[in-house]
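# Report on the structure
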Amino acid sequence: MGEPVTLVLDDSANLTVTGPDGGSLPASLSLLPCPACGAPMLPVRWNPWSGEIEWSCTSCDAVIHLPAAP
Ligand SMILES: [Zn+2]
């Protein structure tokens, strides 16, 4: 339990969240600016148990973890 799921970006506008059962989960996520360089960050992983989202910068190696919005 507790294994993160992988987020798949079809393109810059559509985000598909694939749950552990293979089904799609509703996702309403807006892209974040990188705190280091200001480039857009993409959500790369989501932990359905903790609600934490891992964001990766598209320009540098920055990775941040944020709790999901309530
Ligand atoms: Zn960056």
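The shown structure was predicted, so the numbers you read here are calculated from the model rather than taken from an experiment. (Residues numbered from 1 in each chain as written. Predicted model: local features only at pLDDT ≥ 70, side-chain atom pairs only at ≥ 80, totals over all residues. Heavy atoms only, no water.)

### So, the coordination of the zinc ion
Selection rule: Ligating atoms shown are N, O and S within 2.8 Å of the metal, or 3.2 Å for Na, K and Ca, and water is not included, meaning a site may look less than complete. Under the scheme used here, helices are H or I runs from DSSP no shorter than 4 residues and strands are E runs no shorter than 2 residues, and both carry numbers assigned from the N terminus. Remark: exposure states derive from per-residue accessible area (1.4 Å probe, protein chains only) relative to the maximum for the residue type, with buried under 20%, exposed over 50%, and partly exposed in between.
Looking at the metal site, the zinc ion is ligated by Cys 34 (SG), Cys 37 (SG), Cys 57 (SG) and Cys 60 (SG), spaced 2.3 Å from it. Sequence spacing of the donor residues for the zinc ion, all on one chain, is C-x2-C-x19-C-x2-C. With Cys 34 in the loop between strand E4 (32-33) and strand E5 (40-46) and Cys 57 in strand E6 (residues 52-57), this residue pair connects regions lying 23 residues apart in the sequence. For the pair Cys 34 and Cys 57, a shared accessibility class is recorded, and that class is buried.

### Focus on the nonpolar core
Cut-off, in case you're wondering: For this analysis, a nonpolar core means a set of buried residues of the types Ala, Val, Leu, Ile, Met, Phe, Trp, Tyr and Cys, connected via side-chain atoms within 4.5 Å.
Core analysis: the biggest nonpolar cluster contains ten residues, these being Val 5, Cys 34, Ala 39, Met 41, Trp 46, Ile 53, Trp 55, Cys 57, Ala 62 and Ile 64. Elements with a minimum of two residues in this core: E5 and E6. Here the element with the most residues in this core is E6; it accounts for three residues.

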